[in-house]
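Okay, here's what each chain looks like letter by letter:
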Amino acid sequence: MKKLKYYIFPLLFIILLFLVWEVLVPYFHIPNYIVPRFSKVLGALWIQKQLLYNHSLVTLKEAIVGLIISVAIGISCAFSIYFWKNVGRTLYPIIIFSQTIPIIALSPIMVMWFGYTIWSKVAVVVLFCFFPIVISTLDGLNSVDKDLEDVLKALGGNKAQIFFKLHMKSVLPNFLSSFKIAATYSVAGATIGEWLGAEKGLGIYVKRAAGMLQSDSVFAGVLVLSFLGLLLFSIGTLLEKILLKYRRGMKESNYEIQKG
């Protein structure tokens, strides 16, 4: 019952938004090629459901592969910068500089290097996603309590024990927050990569539909892209709930101590 109350108001708001969309478009006589009625968008979703499904699988694959590579690169860079100061002084400015260049300008270069294969799209996703992972993971490492680290060393803790008991607990919340951000960015990165050169994917689907002024298909594609972003974000949220169970355990333990 509590969960139902939690979701009822957002659900009602979304329904109201779509109803307003459906009513206002004909009321203001907005041409269909500019903004279609919501019912027409739903019709396009239903009629082209198989085509949209096939394209969405391609985009989702590109986003997931790029996200996995981004996580591997981001974590590796963050730990390298933290544990090896000389590497940090060299690598950190390069990472910052990479974000000053508009990614949309680098996308054609990715196509030239990798062609129209999946890897040109994956490369664009990595450019979008790895930066927040690096910065958030590094912030988590820098927030480690140095005094507590010294205490653990004095008590005879080895590097592995200190890392998993102290560093990982400090890094994990930051990393998971950045993962949720990167998960939503990954869909945008895959879409941009497809705009610049692809045979399949929701990005090229939307581009072709826009070229033919099929606005209902364009909006249908955008809705599916939004759903993919929400799906990946939800996976990040689920991982966060599973991996951060220790926080709830710590709070319960503290409560019992205070109560006792």
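Residues numbered from 1 in each chain as written. Predicted model: local features only at pLDDT ≥ 70, side-chain atom pairs only at ≥ 80, totals over all residues. Heavy atoms only, no water.

### Let's talk about the confidence of the model for the protein chain
Working step 1: When the pLDDT values of the protein chain are averaged, the result is 85; 92% of them are 70 or greater.
Working step 2: Put simply, helix α11 (residues 245-259) is where the protein chain has its lowest mean pLDDT, 50, and helix α3 (residues 49-83) is where it has its highest, 94.
Working step 3: The low-confidence segment residues 250-258, where pLDDT is below 50, has zero contacts with residues more than four positions distant or belonging to other chains. (pLDDT = per-residue confidence, 0-100. Helix = DSSP H or I, 4+ residues; strand = E, 2+ residues; numbered from the N terminus. Contact = heavy atoms within 4.5 Å.)

### Brief notes about helix α5 (residues 103-114)
Working step 1: The end-to-end C-alpha distance of α5 is 16 Å, a good match for the 16 Å that 12 residues give at a rise of 1.5 Å each.
Working step 2: Within α5, the full set of buried residues consists of Ile103, Leu106, Ser107, Met110 and Val111. Each buried residue of α5 lies within a common arc of 155 degrees when the element is viewed along its axis, so the set occupies one face.
Working step 3: Looking one or two residues beyond α5, the residue adopting positive phi is Gly115, at roughly 75 degrees. (Expected span 1.5 Å × (residues − 1). Buried < 20%, exposed > 50% of the residue type's maximum accessible area, 1.4 Å probe, protein only. Arc of directions from axis to C-beta.)

### Observations concerning the packing of aromatic side chains
Working step 1: The tally for this structure, following the rule as stated, stands at eight aromatic pairs.
Working step 2: Seen in terms of ring centroids, Phe18 and Phe38 are 4.2 Å apart; in terms of plane orientation they differ by 5 degrees. Their pairing is stacked. On the criterion of sequence distance, the pair formed by Phe18 in helix α1 (residues 2-27) and Phe38 in helix α2 (residues 38-47) is long-range, its members being 20 residues apart.
Working step 3: Classification of Phe38 by relative accessible area gives buried; the value is 12%.
Working step 4: Both rings, one in Trp21 and one in Phe38, keep their centres 5.1 Å apart while their planes meet at 45 degrees; by these two values the pair is tilted. (Phe/Tyr/Trp six-rings, centres within 6.5 Å; stacked < 30°, edge-to-face > 60°.)

### Regarding the packing of helix α4 (residues 85-98) against helix α6 (residues 118-142)
Any two packed helices are characterised by the angle at which their axes cross and by the distance between the axes.
Working step 1: Taken N-terminus to C-terminus, the directions of α4 and α6 make an angle of 140 degrees; their axes are 10 Å apart at the nearest point. When the axes of α4 and α6 are compared, the pair comes out oblique. For the crossing formed where α4 meets α6, the hand is left-handed. Across the interface between the two elements, Tyr92, Ile95, Ile96 and Ser98 of α4 pack against Phe130, Phe131, Val134, Ile135 and Leu138 of α6.
Working step 2: Its residues placed into classes, the contact of α4 with α6 shows eight nonpolar, one polar and no charged. (Axes fitted to C-alpha atoms, helices over the stretch in contact; angles between N-to-C directions. Parallel < 35°, antiparallel > 145°, perpendicular 65-115°, else oblique. Left-handed = near helix turned anticlockwise from the far one by under 90°. Nonpolar A, V, L, I, M, F, W, Y, C, P; charged D, E, K, R; others polar.)

### Focus: α4
Working step 1: Spanning 14 residues, α4 covers 20 Å between terminal C-alpha atoms, matching the ideal 20 Å at 1.5 Å per step.
Working step 2: Bending of α4 peaks at approximately 25 degrees at the position of Leu91, with proline Pro93 no more than four residues after it. (Bend = angle between axes of the 7 residues up to and from the residue.)

### Here's the deal with the layout of surface pockets
Working step 1: Empty space within the largest pocket amounts to approximately 420 Å³.
Working step 2: Lining of the largest pocket is provided by Tyr6, Tyr7, Pro10, Leu230, Phe233, Ser234, Thr237, Leu238 and Lys241.
Working step 3: Those elements giving two or more residues to the lining of the largest pocket turn out to be α1 and α10 (215-243).
Working step 4: Of all the elements, α10 adds the most residues to the lining of the largest pocket, at six residues.
Working step 5: Looking at the lining of the largest pocket, its residues break down into six nonpolar, two polar and one charged. (1 Å grid on protein atoms, 1.4 Å probe; cavity = no way out; pocket = protein on both sides within 12 Å on 5 of 7 lines; lining within 4 Å. Points joined across faces, edges and corners; volume = space filled by probe spheres on them.)

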